Amino acid sequence: MTTPTKPVTSGSLLIAWQLRDKNVLIVGGGEVAAGRLEIVLGADARVTLIAPSEDLHKTIREIVDTNDRVTYHDRLFEGPEDLVGVDMALTAIDDVEESRRICEMARTRHIPINCADIPPSCDFYFGSQIRRGPLQILVSTDGNGPKIAHLIRRRIENVLPDDVEQTVLNVGRLRAKLRKRAPGVGGMLGKRRMGWMIKVSTQWSLEELAALDDLMMEKLLDEGWEKNAVPNDQAQALAASNA
Ligand SMILES: C[C@@]1(CC(=O)O)C2=NC(=C\c3[nH]c(c(CCC(=O)O)c3CC(=O)O)Cc3[nH]c(c(CC(=O)O)c3CCC(=O)O)/C=C3\N/C(=C\2)[C@@H](CCC(=O)O)[C@]3(C)CC(=O)O)/[C@H]1CCC(=O)O
Ligand SMILES: NC(=O)c1ccc[n+]([C@@H]2O[C@H](COP(=O)([O-])OP(=O)(O)OC[C@H]3O[C@@H](n4cnc5c(N)ncnc54)[C@H](O)[C@@H]3O)[C@@H](O)[C@H]2O)c1
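Calculation notes
Residues numbered from 1 in each chain as written. Chains lettered and ligands numbered in written order. Predicted model: local features only at pLDDT ≥ 70, side-chain atom pairs only at ≥ 80, totals over all residues. Heavy atoms only, no water. Near = heavy atom within 4 Å. Polar contact = N/O pair within 3.5 Å; in protein donor to acceptor, adjacent residues only side chain to side chain. Areas by Shrake-Rupley, 256 points an atom, 1.4 Å probe, with all protein chains shown as cover. Helix = DSSP H or I, 4+ residues; strand = E, 2+ residues; numbered from the N terminus. Pairing = 2+ DSSP bridges. Axes fitted to C-alpha atoms, helices over the stretch in contact; angles between N-to-C directions. Contact = heavy atoms within 4.5 Å. 1 Å grid on protein atoms, 1.4 Å probe; cavity = no way out; pocket = protein on both sides within 12 Å on 5 of 7 lines; lining within 4 Å. Points joined across faces, edges and corners; volume = space filled by probe spheres on them. Nonpolar A, V, L, I, M, F, W, Y, C, P; charged D, E, K, R; others polar. Domains from an automatic or database assignment.

Observations concerning the site of ligand 2
1) Next: Contacts to ligand 2 come from 19 residues, most closely from Val32, Asp55, Phe77, Ile93 and Asp94.
2) Next: Within the contact set of ligand 2, an oxygen atom lies 3.1 Å away from a backbone nitrogen or oxygen of glutamate 31.
3) Next: One of the backbone N or O atoms of valine 32 is found 2.9 Å from an oxygen atom in ligand 2.
4) Next: Here ligand 2 has 870 Å² of accessible area as a free molecule, and 67% of this is covered by the chains.
5) Next: No other element matches the three residues that helix 1 (residues 31-41) contributes to the shell around ligand 2.

Structural data, given as structure tokens:
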């Protein structure tokens, strides 16, 4: 059980938004739009990007030429018809009045929007991100200091183990194997399953979890889960007894 803490107020909600196959509209073709494009493609979105080709950023050009998830329109934003079917809208243009207008149009249609140049009008902010496979860490200063968010992110990166991505992937695999042995949602079994996963995650170090292979996972389930225990011996010991 977690200890109740005093609620923190006046922040924003940090969530892992599932954008896969959702339609994202990006208006603008400069450096900021290029960063947005890369980051939403990293979340498997479908993207429509509207910006004149004259000054299109090199990265955007390369992506629209090679990625079939991106539809590019070589023109200025035209009006509400550009917002039809859009799940998320992003403006990154050097025209604050037009940005404000697009923002209002999106809001009327209940489309979440980020305007890179008008923080008070944003439904959400981007943050400084670490991506190591499925592990994602976002640092937000809630609009106070984007460069500071970047610097704090760099500090966090420096303390992460090199193989932390493998730790997360392995725990995902172990949980999937456990669910095969003990299927279902909720109830006593769900409680036992969660309790066991918490113990394994706590007693084994991140590095030990990263070193697990399929055979070791099966052994951990045989000798741990099946016997209602969490072997305290370390990954190396388990590996040695496997050999
Ligand atoms: C984190 C990051 C993510 C990303 O954009 O992907 C991000 N900005 C980044 C970089 C950056 N942005 C700016 C600089 C110049 C130095 C400086 O001003 O500090 C640098 C540094 C650089 O370029 O190195 C200028 C700037 N930014 C905003 C405005 C408008 C304004 O404030 O009015 C202006 C013009 C201000 C002016 O004209 O003076 C607004 C926003 N920028 C945000 C996010 C949101 C708040 C996030 C937070 O507070 O945590 C928010 C509110 C809206 C949004 O964009 O969602 C990314 C770092 C990624 C990384 O490197 O890891
Ligand atoms: N949020 C952030 O992190 C951040 C960081 C730096 C700058 N900014 C702000 O973001 C905005 C974009 O920055 P940038 O460096 O990418 O700008 P930029 O000047 O390099 O690019 C602007 C782009 O918008 C396009 N454009 C202008 N009007 C348009 C319209 N009506 N329809 C479609 N495209 C249009 C231009 O053709 C150009 O491609 C600026 O207002 C800047 O102040 C935000």
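Describing the sheet that holds strand 2 (residues 46-50)
1) Next: Pairing is parallel across the open sheet formed by five strands, whose spatial order is 3-2-1-4-5. Edge positions in the sheet fall to strand 3 (70-73) and strand 5 (113-115), since each has one partner strand and no second. The sheet shows a mean angle of 15° between the axes of neighbouring strands, direction not considered.
2) Next: When strand 4 (residues 88-91) meets strand 5, the two strands line up parallel, connected through three bridges. Each residue of the ladder has a partner; that of alanine 89, found in strand 5, is isoleucine 113.
3) Next: Taken strand by strand, helix 3 (residues 96-108) contacts strand 1 (23-27), strand 4 and strand 5, and its axis lies near 170° from that of strand 5.

Examining the layout of surface pockets
Leftover empty space is mapped by rolling, across the atoms, a probe with the size of a water molecule.
1) Next: Here the largest pocket is characterised by a volume of approximately 1,000 Å³.
2) Next: If you trace the largest pocket, you find 32 residues lining it, with Ile15, Ala16, Trp17, Gln129 and Leu138 closest to the centre.
3) Next: At the level of elements, helix 1, strand 6 (128-132) and strand 7 (135-139) are the ones that each hand at least two residues to the lining of the largest pocket.
4) Next: Of the residues in the lining of the largest pocket, the class split is 18 nonpolar, eight polar and six charged.
5) Next: Here the lining of the largest pocket gathers at least three residues from each of two domains, domain 1 (23-126) and domain 2 (127-160).
6) Next: By volume, the second largest pocket is sized at about 690 Å³.
7) Next: Lining the second largest pocket are 24 residues, and of these Arg36, Phe126, Gly127, Ser128 and Pro146 sit closest to its centre.
8) Next: Contributions of two or more residues to the lining of the second largest pocket are made by helix 1, strand 5, strand 6 and helix 4 (146-159).
9) Next: Among the residues forming the lining of the second largest pocket, the class breakdown is eleven nonpolar, nine polar and four charged.
10) Next: Both domains that furnish three or more residues to the lining of the second largest pocket are identified here as domain 1 (23-126) and domain 2 (127-160).

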